[in-house]
Amino acid sequence: MIDSVAPEQEPAFIEVGNGDGQRRIAVRTREGRAPGLFWLSGFNSDMQGTKAVALDAWAAEHGRAFVRFDYSGHGESGGKFTDGTIGRWLEESVAIFERFCEGPQVVIGSSMGGWIALLLARELAKRGEGRGSLAGLVLIAPAPDFTEALMWNGFAPEVRDEIMTKGVWQRPSQYGEPYPITRALIEEGRNHLLLGSAIDVGCPVRILQGAQDPDVPWQHAFALAHRLPSDDVVLTMIQDGDHRLSRPQDIARIIAAVAEIG
């Protein structure tokens with residue numbers, strides 16, 4: 001664990017999207033050497049969370065480049081949370097990566113950010129060579145396909161009915177106030193499902209999963225690992241770990257995984 005605290009940067013803002021879909025995205029960057037670090041937050045989380053701030057401090061201490069941002073409807077970015085979809089947040093992630101990342105990057109995705117990281121890898125492969133490339137992925141309690149596998153498939157019939165008829169359902173949360181699950185989030189998420197076939201990301205992957213995670217079961221991490229054809233995939237099961245994996249010992253493991261990749 002790092003004792004020093006990195007100086008806080010003011011965010012820069014860029015516009016992503018066109019017309020009525022344009023939104024203002026807050027980005028924090030730290031200059032440094034490669035491989036850089038690229039942070040992808042979880043659903044309803046932002047770039048000021050414990051893990052992101054700890055990684056920023058580590059990057060500052062080791063002279064590494066680091067990029068983090070808030071999805072639209074999150075943190076310091078513009079837009080409404082209820083307008084968010086996986087495709088919309090993926091578009092923002094690709095735009096930030098292409099604008100701010102140069103050279104090889106270790107992409108670190110937490111929960112939903114793990115899904116976005118996998119989709120980002122696929123999108124970058126489609127686009128071919130650019131300013132930035134993937135050195136590896138570090139996925140923390142990754143939640144690919146969560147809108148379908150971990151939400152819709154487990155919702156009670158009355159919850160499904162409310163989402164379909166009213167367009168939104170307020171889901172209770174153990175982390176604070178209830179948060180909205182929209183029909184658009186569920187339906188658009190079906191365009192980005194990954195677990196039905198092999199996921200070839202073309203780089204090393206490190207997965208950290210808590211066995212006591214109430215939101216993303218450990219079996220989900222195993223299902224993902226089986227879909228990754230690369231030989232260089234390591235799944236670390238943290239027996240007493242929860243979903244957040246934000247304790248000092250958890251953050252030390254995350255940093256070790258990042259350092260192992262490069």
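Residues numbered from 1 in each chain as written. Predicted model: local features only at pLDDT ≥ 70, side-chain atom pairs only at ≥ 80, totals over all residues. Heavy atoms only, no water.

Undergrad: Mind showing me how you'd approach the overall build of the chain here?
TA: Each helix and strand in the chain was counted, giving eight helices and ten strands. Its C-alpha atoms give the chain a radius of gyration of 17 Å, near enough to 18 Å, the size a compact globule of 262 residues would have. Seen through its principal axes, the chain has C-alpha atoms that stretch 50 × 45 × 35 Å. Split into buried and exposed, the 262 residues of the chain put 51% on the buried side. Contacts spanning at least 24 positions in sequence make up 74% of the contacts within the chain whose residues lie at least 6 apart. Of the roughly 11,700 Å² that the chain leaves accessible, carbon and sulfur atoms contribute 47%. Charge centroids of the chain, computed over 25 positive and 35 negative side chains, lie 1 Å from each other. (Helix = DSSP H or I, 4+ residues; strand = E, 2+ residues; numbered from the N terminus. Rg over C-alpha atoms; globule rule 2.2 N^0.38 Å. Buried < 20%, exposed > 50% of the residue type's maximum accessible area, 1.4 Å probe, protein only. Contact = heavy atoms within 4.5 Å. Areas by Shrake-Rupley, 256 points an atom, 1.4 Å probe, with all protein chains shown as cover. Lys, Arg positive; Asp, Glu negative; His and termini not counted. Charge placed at Lys NZ, Arg CZ, Asp CG, Glu CD.)

Undergrad: Honestly, the pairing of strand 4 (residues 64-69) in this entry has me stumped. Any pointers?
TA: Looking down a regular strand, the side chains alternate between one sheet face and the other. Where burial is concerned, most of strand 4 is hidden: six out of the six residues are buried. Of the two faces of strand 4, both are covered, the one formed by R64, F66 and R68 as well as the one formed by A65, V67 and F69. Pairing of strand 2 (residues 23-30) with strand 4 involves four bridges; the strand directions are antiparallel. Across the sheet, the residue bridging to T29 is V67, located in strand 4. Where strand 3 (residues 33-40) meets strand 4, three bridges bridge the pair, whose relative direction is parallel. For R33, the partnering residue across the bridge sits in strand 4 and is R64. One crossover worth recording links strand 3 to the parallel strand 4 by way of helix 1 (residues 50-61), and it is right-handed. (Pairing = 2+ DSSP bridges. Right-handed = clockwise from strand over helix to strand, strands pointing away.)

Undergrad: Got a minute to help me understand the pattern of salt bridges in this structure?
TA: In a structure, side chains of opposite charge can pair up when their charged atoms sit close to one another. Scanning the entire structure with this criterion turns up 15 salt bridges. Among the salt bridges present, the one from R28 reaches E76, with a minimum N-O distance of 2.5 Å. Taken together, the positions of R28 in strand 2 and E76 in the loop between strand 4 and helix 2 (86-100) put the pair 48 residues apart, joining distant regions of the chain. In this structure, the salt-bridge partner of R127 is E123, at a minimum N-O distance of 3.1 Å. A residue pair is termed a helical-turn pair when its members lie 3 or 4 positions apart in one helix, as R127 and E123 do in helix 3 (residues 112-127) at four residues. Owing to a relative accessible area of 46%, R127 belongs among the partly exposed residues under this scheme. One connected set of salt bridges, linked through shared partners, spans D240, R247, D250 and R253. (Salt bridge = Lys/Arg side-chain N within 4 Å of Asp/Glu carboxyl O.)

Undergrad: Looking at this structure, how should I read the packing of helix 2 against helix 3?
TA: It is the contact of helix 2 with helix 3, at a shortest axis distance of 9 Å, that shows an interaxial angle of 60°. Judged by the inter-axis angle, helix 2 sits oblique to helix 3. Read as a crossing pair, helix 2 and helix 3 show a hand that is right-handed. Contacts between helix 2 and helix 3 involve I86, W89, L90, S93, V94, F97 and E98 from the first element and M112, W115, I116, L119, L120, E123, L124 and R127 from the second. Split into classes, the residues belonging to the contact of helix 2 with helix 3 amount to eleven nonpolar, one polar and three charged. (Axes fitted to C-alpha atoms, helices over the stretch in contact; angles between N-to-C directions. Parallel < 35°, antiparallel > 145°, perpendicular 65-115°, else oblique. Left-handed = near helix turned anticlockwise from the far one by under 90°. Nonpolar A, V, L, I, M, F, W, Y, C, P; charged D, E, K, R; others polar.)

Undergrad: Where do I start with the nonpolar core in this structure?
TA: For soluble globular proteins, nonpolar side chains are generally found buried alongside one another. Ranked by internal contacts, the top residues of the largest apolar core, which has 53 residues, are F38, F43 and I181. Ignoring sequence-local partners within four residues, the contact set of F43 consists of H74, F81, W89, M112, F146, M151, Y179, P180, I181 and L185. W39, I255, A257 and V258 belong to the second-largest nonpolar core, a separate cluster that totals 22 residues. (Core = buried A, V, L, I, M, F, W, Y, C linked by side-chain atoms within 4.5 Å.)

Undergrad: I keep staring at the sheet that holds strand 1 (residues 12-16) and nothing clicks. Help me out?
TA: Spatial strand order, 1-2-4-3-5-6-9-10: eight strands in an open sheet with mixed pairing. The strands lining the two open edges of the sheet, one partner per strand, are strand 1 and strand 10 (233-238). Strand after strand, the sheet turns through a mean of 25° between neighbouring axes, direction not considered. Sheet topology note: the strand 9 (residues 205-210)/strand 10 ladder contains six bridges and is parallel.

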